[in-house]
Each structure stands twice: as structure tokens, then as C-alpha cells.
Amino acid sequence: MKDIKYPLNFKFNISTLANDFTAKDSLGITIAYVRQKMFKLKEDIVVYNDESKSDTLYRIKADKWIDFSAAYSIKDKHGQEIGKIARKGWKSIWKAEYELIDQHQKLQYHIREDNAWVKVIDKIVGEIPVLSFFTGYIFNPSYSVLDLNNKPIVRIKKEPSFFGRKFELSKLNDIDLDDQERIILGLMMMILLERRKG
């Protein structure tokens with residue numbers, strides 16, 4: 001993932017049974033196709049070069065059985081671990097919070113939901129017949145990646161769309177190339193988890 005042109009756009013497919021999406025840069029060039037393997041007791045995500053699935057770029061796997069506080073190991077095509085994303089268990093029940101850990105097992109970034117009320121209202125309105133079809137256009141949560149000094153690095157935001165299928169990833173500050181790869185892959189995993197919750 002080099003020479004990436006921001007913002008990035010993640011668009012979920014609604015015509016497939018899998019939980020999958022395509023990531024494109026601002027020029028419309030596909031940088032990845034992300035697919036979650038179905039019916040697995042442990043999360044198993046494959047990141048391909050594009051929809052043809054001709055080249056596997058990365059794999060993301062949970063380190064334990066399905067659990068709301070699991071950590072997810074991110075490995076390149078050679079099986080080399082490049083980092084982890086870990087969900088902050090009970091803290092994430094109210095407001096989503098994750099940690100990005102580097103290849104040396106050191107905490108590097110925090111990912112935090114910007115406003116938990118958006119998700120709460122989305123859930124409530126989503127229970128109302130007919131109105132539930134339009135929540136994807138009205139309530140759009142966003143998540144910020146912060147460094148250890150709480151400086152925002154990137155932000156990902158759900159875009160108004162039917163079925164809440166579009167997300168935009170914007171760069172807010174300079175990113176080291178090595179960190180960029182880890183951040184983008186961590187956010188891909190997080191979006192798969194958070195979108196399932198509504």
C-alpha cells in the first residue's frame with residue numbers, strides 16, 4: 001500500500017453473501033478487496049489485490065474464539081506479522097475503542113469513536129418500521145485514529161448511503177509509510193466489526 005491518494009473509499013457489497021468490500025483511492029483505483037470468511041468460529045479476513053482475488057496481500061485473524069475483546073493479528077502475504085488491532089472490551093460497549101499495536105507488540109495508536117450518541121440514536125430509530133430504511137442516510141458515525149499524544153492522524157466516517165455501505169477514510173496529518181499500512185488494515189478490520197453492530 002504505497003503512493004495512496006486520499007481520501008480512500010470503502011464500499012460494501014450487498015449482492016454477495018459474504019461480508020466484503022472494495023477499497024479505492026481518490027482516483028478510483030482499487031487498492032484492496034477485503035473479504036471475511038463466513039461461518040468461522042475465529043474471525044478470518046483476507047485482503048486481496050482486487051475483486052479477481054488473484055493475489056492475497058494480507059490476512060487478519062482473531063487470536064481467540066469469537067469475543068468482544070479479541071485481538072486481531074495482521075500478517076502480510078509471507079506470514080510476517082506487521083501488527084495487531086485489539087478491541088478494548090467493556091469500554092467499547094458504549095463507545096467503540098481499539099488499540100493499534102506495532103510489529104514489536106508496542107501500543108502505537110488509539111482508535112476512538114467520535115460520538116457514541118450517533119450509534120445509540122441509529123439503533124433506536126432503526127427499530128421503527130419504515131424509518132429503519134433511512135438511518136443509513138441520517139446517522140453516520142466517525143472514528144479517529146490518534147497517536148499517543150492524542151493528535152488525530154486519520155478519520156474514517158460512514159457516508160450517507162442505503163444499507164450504510166460506504167465509508168470514507170481521510171488523512172488529517174502526515175503518516176509514516178510503515179504505519180500507514182498498519183492503520184489502513186486495522187481500520188478495515190474495525191469497520192467489518194462495527195458495521196455489523198449497526
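Bear in mind that the values here come from a model prediction, so they are computed numbers and not experimental data. (Residues numbered from 1 in each chain as written. Predicted model: local features only at pLDDT ≥ 70, side-chain atom pairs only at ≥ 80, totals over all residues. Heavy atoms only, no water.)

Asker: Got a sec to walk through the overall build of the protein? Specific residues and values, please.
Answerer: Scanning the protein from N- to C-terminus turns up four helices and twelve strands. A total of 198 residues make up the protein; the buried ones form 47% of that total. Long-range contacts, defined here as pairs at least 24 residues apart, represent 37% of the contacts in the protein between residues at least 6 apart. Of the roughly 10,400 Å² that the protein leaves accessible, carbon and sulfur atoms contribute 55%. (Helix = DSSP H or I, 4+ residues; strand = E, 2+ residues; numbered from the N terminus. Buried < 20%, exposed > 50% of the residue type's maximum accessible area, 1.4 Å probe, protein only. Contact = heavy atoms within 4.5 Å. Areas by Shrake-Rupley, 256 points an atom, 1.4 Å probe, with all protein chains shown as cover.)

Asker: Can you explain the pairing of strand β7 (residues 81–87)? Please cite residues and give values.
Answerer: The buried fraction of β7 is high, at five of seven residues. Two successive antiparallel strands, strand β6 (residues 71–76) and β7, enclose a turn made up of four residues, where Gly-79 displays a positive phi of approximately 85 degrees. Relative to strand β8 (residues 97–101), β7 runs antiparallel, the two sharing four bridges. Bridging across to β8, Ala-86 finds its partner in Glu-99. (Pairing = 2+ DSSP bridges.)

Asker: Can you explain the packing of aromatic side chains? Please cite residues and give values.
Answerer: One pass over the full model with this rule turns up four aromatic pairs. Seen from their ring centres, Phe-12 and Phe-167 are 5.9 Å apart, and the 65 degrees between their planes marks the pair as edge-to-face. Pair noted here: Phe-12 is in strand β1 (residues 8–12) and Phe-167 is in strand β12 (residues 166–171), with a separation of 155 residues, a long-range link. Judged by its relative accessible area of 4%, Phe-167 falls in the buried class. The structure contains a cluster of three or more aromatic residues connected by ring pairs, namely Phe-10, Phe-12, Phe-21 and Phe-167. (Phe/Tyr/Trp six-rings, centres within 6.5 Å; stacked < 30°, edge-to-face > 60°.)

Asker: Account for the sheet that holds β7, naming residues and giving values.
Answerer: Spatially, twelve strands are ordered β1-β2-β3-β4-β5-β6-β7-β8-β9-β10-β11-β12 in a closed barrel, and the strand pairing comes out antiparallel. Across the sheet, the mean angle separating the axes of adjacent strands is 20 degrees when strand polarity is ignored. Two elements, strand β10 (residues 142–146) and strand β11 (residues 152–158), share five bridges in a ladder whose sense is antiparallel. If you follow Leu-146 over to β11, its bridge partner there is Pro-152. (Axes fitted to C-alpha atoms, helices over the stretch in contact; angles between N-to-C directions.)

Asker: Give a description of the pattern of salt bridges that names residues and reports values.
Answerer: With the rule as written, the count across this model stands at nine salt bridges. Here Glu-97 ties to Arg-112 by a salt bridge, and the two come within 3.4 Å at their closest N and O atoms. Here Glu-97 is found in strand β8, whereas its partner Arg-112 is found in strand β9 (residues 107–113), with 15 residues between them in sequence. A residue is classified by how much of its surface remains accessible, and Arg-112, at 26% relative accessible area, is partly exposed. A network of salt bridges, in which partner residues are shared, links Asp-178, Asp-179 and Arg-182. (Salt bridge = Lys/Arg side-chain N within 4 Å of Asp/Glu carboxyl O.)

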